[in-house]
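Report on the structure
Below, each chain spelled out in residue letters.
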Amino acid sequence: MDNNNLFIHKSVVYGLSGILFMPILATFIYSFSSSWGATILPDGFTIKWYTQLLTDPRFLEAFMRSLFICISSLLLAMILVLPMIFVIFYYYPTLDKVMNILILLPFAVPPVVSSVGLLELYADSSVQLIGTPWILIGTYFTIALPFMYRAISNSFSTINIRDLVDAAHLLGASTTKAYLLIILPNLKKGLLASTFLSFSFLLGEFVFANILVGTRYETLQIYLYNMRQTSGHFTSALVMTYFVFIFVCTWLATHFSKGNK
Amino acid sequence: MDITKPVHQGTLTLKSRLGRYTSRLGKYKPVVWLLPFIAFFYLFQIAPMVWVLINSFIYDGEWTIENYSEIFDSTFILQGFSNSLWIAFWSSFIGLILAAILVSSLRHLNSRIRDAIVAFTNMSSNFSGVPLAFAFIIILGTNGAITLLLRQWGILGDFDLYSKSGLLALYIYFQIPLGALLLYPAFDALKKDAYEASQLLGASSFKYWIKIGLPILSPALLGSFIILFANAIGAYASVYALTNGNYNMVTIRIASLVSGDLFLEPNLAAAISTLLMLLLGVITAVNQWLIARSYNG
């Protein structure tokens, strides 16, 4: 009976994961096939789609642009969030409740809705924002915010920040020094885990990029969309390259969040 | 010392007053560190939202509900709403059931397989949007490998990736990993003793789930449902990439009113957006009420 049950549970888990895995596997095979027309299996294998992709300067540029935007917005998020969380936890702990509601906004307001407001608000701004990477860096900060706030405030609740800072004060350190030398190192793992998680999220962002900037500053996702008319094998190679990147980032994120326990 | 001299006394009190003043200012100094964050959050999150809310009530520079009556007069926009609601509801419902089955079976396997599957779901939850739409075109498109296989077996029916059924399949695909990740911790609440006790008392597995398992899980199920629903109704990238924006969904309507080639009507887009947020708000409220009730019951 128990063996029988275990068999059922195993088939359920493998069956469902198998279905989830199928599109990924098919894209993988497709990206290595020389041609795969109206047959169930491909005709032959080749790596020419990857060489074609990796030598396409437009792809490399789009990739660099995406990296630039993602890294800048994560840096911006860190610069804004790290002092903010410390001030909240050390001076105004009651504000944490307010923040927990505020960070739901990026989830509650769909990106399409936000982009309507952003597009109209900044269409005639004196410094041009629409169509430039700067508006994406600002909006991506709001996407990364919930992940960062949650992860870092979790790390904060595991350390006794008052005692640590008071001890540092007794030893003659200023609050800033205590923060930089004692509090920050304690946040490293939560910070890294949330950074990689947000990174893989931001790399896949399409809505803001498409509506606010589009082809004026072609990011990886926009490039992927614009390549839809070319060979399916080529786009598969592109999707797989992107997916390997995401895979590494999620792996790093889980690696760091595990180490946190 | 100098303190006794009256001339210096004046300057001293001034100094101490200044000192008291700056120390009072010093009390608020930490707030300065909050300001950059507040500024950015306001510019990129709050201000756009407020713009949408206000401008949804402005038509030709006047305060009116004209935009809203235009929505309710337009069968096209209403169809977008009903398509979005239909797909969001069924993809969340089916996705959540499949995720619950996956998670409940997963807990019976040993920890090595479990960790591997959790890591995989985590990863595949990032496989969404444009890349996912392309992967679906490859396997389920008109000449996709799975399409051909199913057609050969004669079980394809009238499935078409670029129609409602295809979109539903795509949405369910990205709902399952998200649902599984949300439900996974909740299943910890199911204790093995409760199951064994119910078996001792002669209950069937089915009865255990109806009487014990599901009531314990219902707050988590309802809570996850609302997240999946919000995720689906706000989705734009996958449907845009799959149908080039030709399938009528509410997010497609909003985007085409602000960034299409012709007929730009940002205020109408704002009204549709406001209705969408209102809809999400009402559903969340009903859901919270159900969750509260299931805790008390």
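Residues numbered from 1 in each chain as written. Chains lettered and ligands numbered in written order. Predicted model: local features only at pLDDT ≥ 70, side-chain atom pairs only at ≥ 80, totals over all residues.

1. Quick word on the overall build of chain A
Counting its secondary structure elements, chain A contains 12 helices and zero strands. For chain A, the spread of C-alpha atoms along the three principal axes comes to 75 × 70 × 30 Å. (Helix = DSSP H or I, 4+ residues; strand = E, 2+ residues; numbered from the N terminus.)

2. Considering the interface of chain A and chain B
By a widely used convention, the size of an interface equals the accessible area lost when the partners come together. Contacts between the two partners involve 59 residues from chain A, matched on the other side by 62 residues from chain B. For the side of chain A that touches chain B, the secondary structure elements donating two or more residues are helix H1 (2-31), helix H3 (57-90), helix H5 (105-108), helix H6 (111-121), helix H7 (133-158), helix H10 (207-213), helix H11 (220-226) and helix H12 (232-259) of chain A. The element best represented in the side of chain A that touches chain B is H1 of chain A, accounting for 14 residues. When the residues that make up the side of chain A that touches chain B are grouped by side-chain class, the tally is 40 nonpolar, 17 polar and two charged. (Contact = placed C-beta atoms within 7 Å. Nonpolar A, V, L, I, M, F, W, Y, C, P; charged D, E, K, R; others polar.)

3. Here's the deal with helix H9 (residues 175-203) of chain A
Between its terminal C-alpha atoms H9 of chain A stretches only 36 Å, short of the 42 Å expected from 29 residues at 1.5 Å a residue. Along its length, H9 of chain A reaches its greatest deviation from straightness, about 50 degrees, at Lys188 of chain A. (Expected span 1.5 Å × (residues − 1). Bend = angle between axes of the 7 residues up to and from the residue.)

4. Some points on H6 of chain A
Most of H6 of chain A is tucked away, with 10 of its 11 residues classed as buried. Within H6 of chain A the residues assigned to the buried category are Pro111, Val112, Val113, Ser114, Ser115, Val116, Gly117, Leu118, Leu119 and Glu120 of chain A. (Buried ≥ 20, exposed ≤ 12 C-beta atoms within 10 Å, placed from the backbone.)

5. Comments concerning the environment of Phe107 of chain A
Residue and element names in this part refer to chain A. Considering the arrangement of structural elements, one finds Phe107 in helix H5. Given 13 C-beta atoms within a 10 Å radius, Phe107 is considered partly exposed. On a C-alpha basis, the gap between Phe107 and Pro146 in space is 8.4 Å, while along the polypeptide they are 39 residues apart.

6. What to know about the domain arrangement of chain A
Residue and element names in this part refer to chain A. Domain parsing of chain A yields domain 1 (1-46) and domain 2 (54-259). Each of domain 1 and domain 2 was reduced to a C-alpha centroid, and the two centroids are 33 Å apart. Facing the six residues of domain 1 at the interface are seven residues of domain 2. Considering only residue class, the side of domain 1 that touches domain 2 consists of three nonpolar, three polar and no charged. (Domains from an automatic or database assignment.)

7. Looking at the confidence of the model for chain B
Taken over all residues, the pLDDT of chain B has a mean of 85, while the share at 70 or more is 89%. By mean pLDDT, the top-scoring element of chain B is helix H4 (residues 75-106) of chain B (94), and the lowest-scoring one is helix H1 (residues 6-27) of chain B (57). (pLDDT = per-residue confidence, 0-100.)

8. A few points about the packing of H3 of chain A against H7 of chain A
Residues and elements named next belong to chain A. Between H3 and H7, whose axes approach to 7 Å, the crossing angle comes to 45 degrees. Of the possible angle classes, the one that applies to H3 and H7 is oblique. The hand of the H3/H7 crossing is right-handed. Across the interface between the two elements, Phe68, Ile69, Ser72, Ser73, Leu74, Leu76, Ala77, Leu80, Val81, Ile85 and Phe89 of H3 pack against Pro133, Leu136, Ile137, Tyr140, Phe141, Ala144, Leu145, Met148, Tyr149, Ile152, Ser153 and Phe156 of H7. A class-by-class count of the residues in the contact of H3 with H7 yields 20 nonpolar, three polar and no charged. (Axes fitted to C-alpha atoms, helices over the stretch in contact; angles between N-to-C directions. Parallel < 35°, antiparallel > 145°, perpendicular 65-115°, else oblique. Left-handed = near helix turned anticlockwise from the far one by under 90°.)

9. Quick word on unusual backbone geometry
Residue and element names in this part refer to chain B. Here Asp60, not a glycine, exhibits a phi torsion of approximately 55 degrees, which is positive. Assignment of secondary structure puts Asp60 in the loop between strand S1 (58-59) and strand S2 (62-63). Residue Asn244 is not a glycine yet carries a positive backbone phi of 55 degrees. Here Asn244 is to be found in the loop between helix H11 (237-243) and helix H12 (250-259). With 12 C-beta atoms packed within 10 Å, Asn244 lands in the exposed category.

10. Brief notes about the nonpolar core
Ranked by size, the top nonpolar core spans 149 residues in total, and within it Val81 and Ala144 of chain A together with Phe136 of chain B carry the most contacts. At 14 residues, the largest contribution of residues to this core is made by H7 of chain A. Apart from residues no more than four positions distant in its own chain, Val81 of chain A is found in contact with Leu145, Met148, Tyr149 and Ile152 of chain A together with Phe37 of chain B. (Core = buried A, V, L, I, M, F, W, Y, C linked by C-beta atoms within 7 Å.)

11. So, the packing of H6 of chain A against H12 of chain B
With their axes 10 Å apart at the nearest point, H6 of chain A and H12 of chain B run at an angle of 15 degrees to one another. By the angle class used here, H6 of chain A and H12 of chain B are roughly parallel. Crossing hand, H6 of chain A versus H12 of chain B: left-handed. Along its contact with H6 of chain A, which presents Val112, Val113, Val116 and Leu119 of chain A, the element H12 of chain B presents Thr251, Ile254, Ala255 and Val258 of chain B. For the contact of H6 of chain A with H12 of chain B, the per-class residue count stands at seven nonpolar, one polar and no charged.

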